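# Descriptive structure summary
This is what each chain is made of:
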Amino acid sequence: MTNSAHGDPLLEVQQDDRNSMDLDALYREHADRLVHLATSITFDRAVAEEVVQEAFVGLHQAGSRVHNPGGYLRRSVVNLSIKSIRRRQTAGRYRPPPQPTTSIPEIDEGWNAVQRLAPRQRAVVALRYWEDLSEAEIAAVLGWPPGTVKSTLHRALKRLKKEITR
Amino acid sequence: MNTTPGATLNDDELDRRLHDIYQTMVPLLVEHTANDATIRPDQTSQLDNGSVVELIPTGPGSQQRARRSRSTGAMRITAAAAAALVVLGVAQLDTGPTDEAPSAQPDPTQSILPTAAPVADETSPPISVNGNAPSSLEALLYPAVAQGASVTDSYLTPAVQDRWGTTVVSPQGNAFGVFLNETLWGELPAGFEQRTYGDNVFAVGDEDGRIAYTTLRPCLMLSVSDDRTSTGPADTQIDTVLNGLVITETDVVVNVPDGWSSLGVGPIEDTYSISFDTSIATDTRRAELRQMLDVNLGTLLNQARIATITPTDFDGTNAWIVTGPESSVEFTYLAWQGDNGAVMLGLQDGNETELVDLARSLSTGYGNEWSDAIGEVTTATIAPNNEPTSGACPTKTLDVNR
């Protein structure tokens, strides 16, 4: 029997299939990409690895209620990345690790600007330009209303436009 | 087409630039350690003669991008950059599987506000917008209406871009707000006295019952507020704040000495405010709740009036008891930093015990759950910045150095 959970396509209760998830296979399939995604938001590889691990723990705890593990993991990684940024910002004395530079002024200038975005803006911009998703796809990944994605992205791009020049 | 260096990018150019930035920097960052922070041109010159090369994007969105009309397909970067990426082996990293199951990372923070989106709440469907409800990702507190709290007013004060705020606290326990409007284009208030602090001239005067120190120049307004009701001419705390301000073309830095603290700094975001009546013992008292998502407490408090601020503990979270100036002394506030934003809870004639009890009674709502509980939310009207008559204002940031 399958019951949808609040209509979210990522979650469905499958009472007869609770132990069928192969976490090892999922980890092999998704971990690399998820670390890159988390890094694109947190700008910190070590934090990204923690985030991905936490997402897999969440998946394990959710068990086979998760109908779409890949989508579930991606949403969890984005949300946990946002949370990790806030947690570190509110810790007061946290300083992000030194960022790599490329000696390409256009890239370095732009990366500096991206780092100044608010956490949710960072997440949406990363999904747009790292994962290369459309606004509708970002909304689906995050479970946000499309209008929220649109306004968040708009504000982020408006800010970046002021800071990134030719 | 304008190709002048330093000129503003159009939408398509920004789109391509950001794509290039992410496809270059994310793989580099994944490989990066603190000791190899820079790729220098001299590392690359031996590997390429300077001709332009084409590098296939490494990001997961490469294939999707190739089929989009606004996309550039493959990313073109200079030979120096491409070679540099080769030097550091920045192809798509395969972190590889591990034999061990990932371990849980304990959350060191405690807060009445839930985190941005706990996994358990991922089941929330997209909300139907009721008034100005927050998105399903944003958790907001609201009064315990089921236990008799009565909402009298609720409103959203929208964020206006380019406004920043912070609050610094002196060793004597006095709070000073520093507010930056990056692009304000206006004039100093008439009749204010001019004083010089460090390299900056401030207009000093009474502003709604508090002393405001304002410097206004093209593309920048910086204001330091002092809500203390009685400060003599020998007071050195405000001097410390004002003399420590360093203003450049792109940054404003608040330098404060040892012993001072910062409650955080950042852009001012939407403020959600709820006024309500609540029962305390046999009394009915007025209360108010203010929340700002994605900010530090210093940013929220920057938008409040603070006469005194005293550190306290709220269920394991660092918190502050805040009183306003004489004009609003009847309210006492409990302010704290949650995982996803900052909160101020005020109570008429409240003491700390009553405030903590009231804070514990608050409910948390996502999306329409929140707006359904409190009713229609009014959106406040905020005047946007005046646009400069010519030229663009360089973006600035506000930071605290202590």
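Residues numbered from 1 in each chain as written. Chains lettered and ligands numbered in written order. Predicted model: local features only at pLDDT ≥ 70, side-chain atom pairs only at ≥ 80, totals over all residues. Heavy atoms only, no water.

## Observations concerning the overall build of chain A
For chain A, the helix and strand inventory stands at 7 helices and 2 strands. Helices and strands in chain A line up, N terminus first, as β-β-α-α-α-α-α-α-α. Carbon and sulfur atoms make up 49% of the accessible area of chain A, which totals about 6,500 Å². (Helix = DSSP H or I, 4+ residues; strand = E, 2+ residues; numbered from the N terminus. Areas by Shrake-Rupley, 256 points an atom, 1.4 Å probe, with all protein chains shown as cover.)

## Comments concerning the pattern of salt bridges
All names here are of chain A. Under the criterion given, the structure shown has 16 salt bridges over all chains. With its nearest N and O atoms 3.9 Å apart, the salt bridge here joins K150 to E135. Within this pair, whereas K150 is found in helix α7 (residues 146-163), its partner E135 is found in helix α6 (residues 135-142), the two being separated by 15 residues in sequence. Among the charged side chains, a salt-bridge network with shared partners connects R33, R74 and E131. (Salt bridge = Lys/Arg side-chain N within 4 Å of Asp/Glu carboxyl O.)

## Some thoughts on the packing of helix α5 (residues 119-129) of chain A against α6 of chain A
All names here are of chain A. Interaxial distance between α5 and α6 falls to 10 Å at its minimum, and their mutual angle equals 125°. Considering the angle they form, α5 stands oblique to α6. Seen along the crossing, α5 lies across α6 with a hand that is right-handed. Contacts from V124, L127 and R128 in α5 reach I138, V141 and L142 in α6. (Axes fitted to C-alpha atoms, helices over the stretch in contact; angles between N-to-C directions. Parallel < 35°, antiparallel > 145°, perpendicular 65-115°, else oblique. Left-handed = near helix turned anticlockwise from the far one by under 90°. Contact = heavy atoms within 4.5 Å.)

## Focus: empty space enclosed by the protein
Using the criterion set out here, one finds 6 cavities of 30 Å³ or more in the structure. What the largest cavity holds in volume is close to 100 Å³. The wall of the largest cavity is formed by 13 residues, among which Q121, R155 and R159 of chain A together with P267 and E269 of chain B lie closest to the centre. The set of elements that each furnish at least two residues to the lining of the largest cavity consists of α7 of chain A together with β5 (163-169) of chain B. (1 Å grid on protein atoms, 1.4 Å probe; cavity = no way out; pocket = protein on both sides within 12 Å on 5 of 7 lines; lining within 4 Å. Points joined across faces, edges and corners; volume = space filled by probe spheres on them.)

## Focus: the sheet that holds strand β11 (residues 245-247) of chain B
Residues and elements named next belong to chain B. In space, the 3 strands of this open sheet follow the order β11-β12-β22, with mixed pairing throughout. Every other strand in the sheet has two partners, leaving β11 and β22 (397-401) as the edge strands with one partner each. Averaged over all pairs of adjacent strands, the angle between their axes in this sheet comes to 15°, without regard to strand direction. Pairing between strand β12 (residues 251-255) and β22: 5 bridges, direction parallel. For D251, the partnering residue across the bridge sits in β22 and is T397. (Pairing = 2+ DSSP bridges.)

## Some remarks on the packing of aromatic side chains
One pass over the structure, following the stated rule, counts 8 aromatic pairs over all chains. Centre to centre, the rings of Y197 of chain B and Y213 of chain B are 6.1 Å apart; their planes meet at 80°, and the pair counts as edge-to-face. Here Y213 of chain B lies in strand β9 (residues 210-217) and Y197 of chain B lies in strand β7 (residues 193-197), a separation of 16 residues in the sequence. As far as the burial class goes, Y197 of chain B and Y213 of chain B line up, both buried. Note that R128 of chain A overlies the ring of Y129 of chain A, its terminal NZ or CZ placed 5.1 Å from the centroid. (Phe/Tyr/Trp six-rings, centres within 6.5 Å; stacked < 30°, edge-to-face > 60°. Buried < 20%, exposed > 50% of the residue type's maximum accessible area, 1.4 Å probe, protein only. Lys NZ or Arg CZ within 6 Å of the ring centre and 35° of its normal.)

## Quick look at the pairing of β7 of chain B
Residues and elements named next belong to chain B. Here 5 bridges tie β7 to strand β8 (residues 200-207), and the two strands are oriented antiparallel to one another. Counted as the bridge partner of E193 is V204 from β8. Between the antiparallel neighbours β7 and β8 lie 2 residues, among them G198 with a positive phi of about 60°.

## Brief notes about helix α2 (residues 45-62) of chain A
Residues and elements named next belong to chain A. In a regular helix each residue adds 1.5 Å, so 18 residues correspond to 26 Å; α2 covers 26 Å between its end C-alpha atoms and thus fits that length. Turning to α2, its buried residues number three or more, namely R45, V47, A48, V51, V52, E54, A55, F56, V57, G58, L59 and A62. With a side-chain oxygen lying 3.1 Å from the backbone nitrogen of A46, the N-terminal cap of α2 falls on D44. Positioned one or two residues after α2, G63 has a phi angle of 65°, which is positive. (Expected span 1.5 Å × (residues − 1). Polar contact = N/O pair within 3.5 Å; in protein donor to acceptor, adjacent residues only side chain to side chain.)

## What to know about the nonpolar core
In this structure, W111 and L160 of chain A together with L18 and Y22 of chain B are the most contacted members of the largest nonpolar core, which totals 59 residues. At the level of secondary structure, the elements contributing two or more residues to this core comprise α1 (23-42), α2, α3 (69-90), α4 (105-115), α5, α6 and α7 of chain A together with α1 (11-31) of chain B. Counting residues per element, this core draws most heavily on α1 of chain B, at 9 residues. The contacts of L160 of chain A, once residues within four sequence positions are left out, are A113, V114, L117 and V125 of chain A together with L14 and L18 of chain B. By size, the runner-up hydrophobic cluster in this structure holds 28 residues, among which are I280, W336, V343 and V377 of chain B. (Core = buried A, V, L, I, M, F, W, Y, C linked by side-chain atoms within 4.5 Å.)

## A few points about α6 of chain A
Residue and element names in this part refer to chain A. All buried positions along α6 are accounted for by I138, A139, V141 and L142. Along α6, the residues classed as buried sweep out an arc of 165° about the axis, all on the same side. In α6, the exposed positions angled more than 90 degrees off the buried face are occupied by A136 and A140. Looking at the residues trailing α6, positive phi occurs at G143, about 75°. (Arc of directions from axis to C-beta.)

## Describing the sheet that holds β7 of chain B
What holds strands together in a sheet is hydrogen bonding between their backbones, with the strands either parallel or antiparallel. All names here are of chain B. Reading across the sheet, the 7 strands line up as β7-β8-β9-β10-β6-β5-β13 and stay open at both edges, with antiparallel pairing between neighbours. Strand pairing shows two members of the sheet lacking a second neighbour, β7 and β13 (261-267), which therefore form its edges. In this sheet, neighbouring strand axes are inclined to one another by 20° on average, regardless of whether the strands run parallel or antiparallel.

## Some thoughts on the pairing of strand β19 (residues 341-348) of chain B
All names here are of chain B. The element β19 is extensively covered by neighbouring structure, given that 8 of its 8 residues are classed as buried. Both faces of β19 are covered, namely the face carrying G341, V343, L345 and L347 and the face carrying A342, M344, G346 and Q348. In this structure, strand β15 (residues 283-293) lies alongside β19, joined through 7 bridges in antiparallel fashion. Paired with L293 across the bridge in β19 is G341. Sheet topology note: the strand β18 (residues 331-338)/β19 ladder contains 8 bridges and is antiparallel. Bridge pairing in β19 links A335 to M344.

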